[in-house]
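So the chains spell out like this:
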Amino acid sequence: MDIELQDLLEDGDGYIEGVDAGGVSFGGPEWHGLRILDSRFVDADLDGAKLTGCGLVDVRFEGARASEVAMVKSSLQDVTIAGSRIGAAQAYGGRWTRVRIDGGKIDYLNLRGASINRLEIDRAVVGELDLSEAKVEVLNFVGATVGKVILTGASMKRVDLRGAQLQGLESD
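On a predicted model such as this, the values are computed, not experimentally measured, just so you know. In this numbering scheme, every chain counts its residues from 1 along its sequence in written order. Thresholds applied to this predicted model are a pLDDT of at least 70 for local features of residues and 80 or more for the giving and counting of side-chain atom pairs; totals over whole chains, interfaces and linings are not thresholded and use all residues. Heavy atoms from the whole structure form the basis of all side-chain values; hydrogens and water molecules are not counted.

Engineer: Is there a simple way to explain the environment of Ala91 in this structure?
Structural biologist: To qualify as a helix, a DSSP run of H or I must reach at least 4 residues; to qualify as a strand, a run of E must reach at least 2; elements of each kind are numbered from the N terminus. Here Ala91 is to be found in the loop between β11 (85-90) and β12 (95-102). Owing to a relative accessible area of 0%, Ala91 belongs among the buried residues under this scheme. It is 10.0 Å that separates the C-alpha atoms of Ala91 and Asp130, two residues lying 39 residues apart in sequence. Here, two residues are considered to be in contact whenever any of their heavy atoms come within 4.5 Å of each other. If we ignore the near neighbours within four places in the chain, the residues touching Ala91 are Met71, Trp96, Asn110, Leu111 and Ala114. Only protein chains enter the area calculation, which uses a 1.4 Å probe; residues under 20% of their type maximum are buried, those over 50% are exposed, and those in between are partly exposed.

Engineer: For this particular structure, what's the right way to read the pattern of salt bridges?
Structural biologist: Opposite charge on two side chains lets them pair, provided their charged atoms get close. Salt-bridge detection follows one rule: a side-chain nitrogen of Lys or Arg within 4 Å of a carboxyl oxygen of Asp or Glu. As enumerated under the stated definition, the model contains 15 salt bridges in all. In this structure, the salt-bridge partner of Arg40 is Asp20, at a minimum N-O distance of 3.0 Å. Of this pair, Arg40 sits in strand β6 (residues 35-42) while Asp20 sits in strand β3 (residues 20-22), placing them 20 residues apart in sequence.

Engineer: How do you make sense of the nonpolar core when you look at a structure like this?
Structural biologist: Side chains that are nonpolar tend, in soluble globular proteins, to be buried together. Grouped together as the largest cluster of nonpolar side chains are 53 residues, with contacts concentrated most on Phe26, Phe41, Phe61, Trp96, Leu111, Leu129 and Leu131. Apart from residues lying up to four places away in sequence, Phe41 is in contact with Leu8, Val19, Ala21, Val24, Phe26, Ile36, Val59, Arg60, Phe61 and Glu62. We define a nonpolar core as any set of buried Ala, Val, Leu, Ile, Met, Phe, Trp, Tyr and Cys residues linked to one another through side-chain atoms lying within 4.5 Å.

Engineer: Is there a simple way to think about the packing of aromatic side chains in this case?
Structural biologist: The geometry of two aromatic rings is summed up by the distance between their centres and the angle between their planes. Two rings from Phe, Tyr or Trp (for Trp, the six-membered ring) form a pair when their centres sit within 6.5 Å of each other. Planes less than 30 degrees apart are called stacked, planes more than 60 degrees apart edge-to-face, and all others tilted. Considering all chains together, one arrives at 3 aromatic pairs under this definition. Here Phe26 and Phe41 contribute two aromatic rings whose centre-to-centre distance is 5.1 Å and whose plane-to-plane angle is 85°, an arrangement assigned as edge-to-face. With Phe26 in the loop between β4 (24-25) and β5 (30-32) and Phe41 in strand β6, the pair connects residues that are 15 residues apart, well separated along the chain. Overall, Phe26 belongs to the buried group, its relative accessible area being 0%. A network of ring pairs unites the aromatic residues Phe26, Phe41 and Phe61 as a single cluster.

Engineer: Explanation requested: the environment of Ser155 in the structure shown.
Structural biologist: Position of Ser155 among the secondary structure elements: in strand β18 (residues 155-160). Separated by 78 residues in the primary sequence, Ser155 and Gln77 place their C-alpha atoms 20 Å from one another. Apart from residues no more than four positions distant in its own chain, Ser155 is found in contact with Ala134, Lys135 and Val136.

Engineer: Would you mind going over unusual backbone geometry with me for this structure?
Structural biologist: The phi torsion of most residues other than glycine is negative, and most of the peptide bonds are trans. Phi is positive for Asp58, close to 55°, though the residue is something other than glycine. Mapped onto the fold, Asp58 is located in strand β8 (residues 55-62).

What follows is the structure in structure tokens.
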């Protein structure tokens with residue numbers, strides 16, 4: 001039985017905390033400013049999810065799936081995306097702090113103009129990672145395969161590509 005995201009809202013207030021659920025569907029309406037704290041979602045359906053300006057703190061997604069998900073201008077802190085299959089993730093203009101992609105596959109990860117303070121891609125496959133105009137403090141790859149990384153206009157501090165099987169790099 002699938003659970004709709006709006007069914008988890010506390011008092012219909014745009015706030016979710018302490019949820020441990022399977023089969024949650026994040027699709028449907030566009031969510032502006034939604035806050036999700038200290039939660040775990042197993043086999044979540046993120047297809048068509050539109051999380052604009054949302055905040056996710058201490059959240060874990062396991063086995064999530066989506067052909068496309070939008071997290072535009074959203075803030076992710078202490079978030080893990082494990083064993084998930086995502087076609088395109090539009091996460092430009094956001095703030096990512098201590099985010100880990102653990103296994104799984106993302107065909108296109110758009111982090112253009114994002115502020116990234118510690119992103120780790122561990123044993124995952126990323127077709128294209130777009131970091132154009134992004135401000136990256138720490139980025140690590142561990143046993144990851146990346147088709148192409150785009151760094152046009154990006155500001156990079158500590159980036160370790162040694163753990164990546166990298167097929168292409170684009171920069172200005």
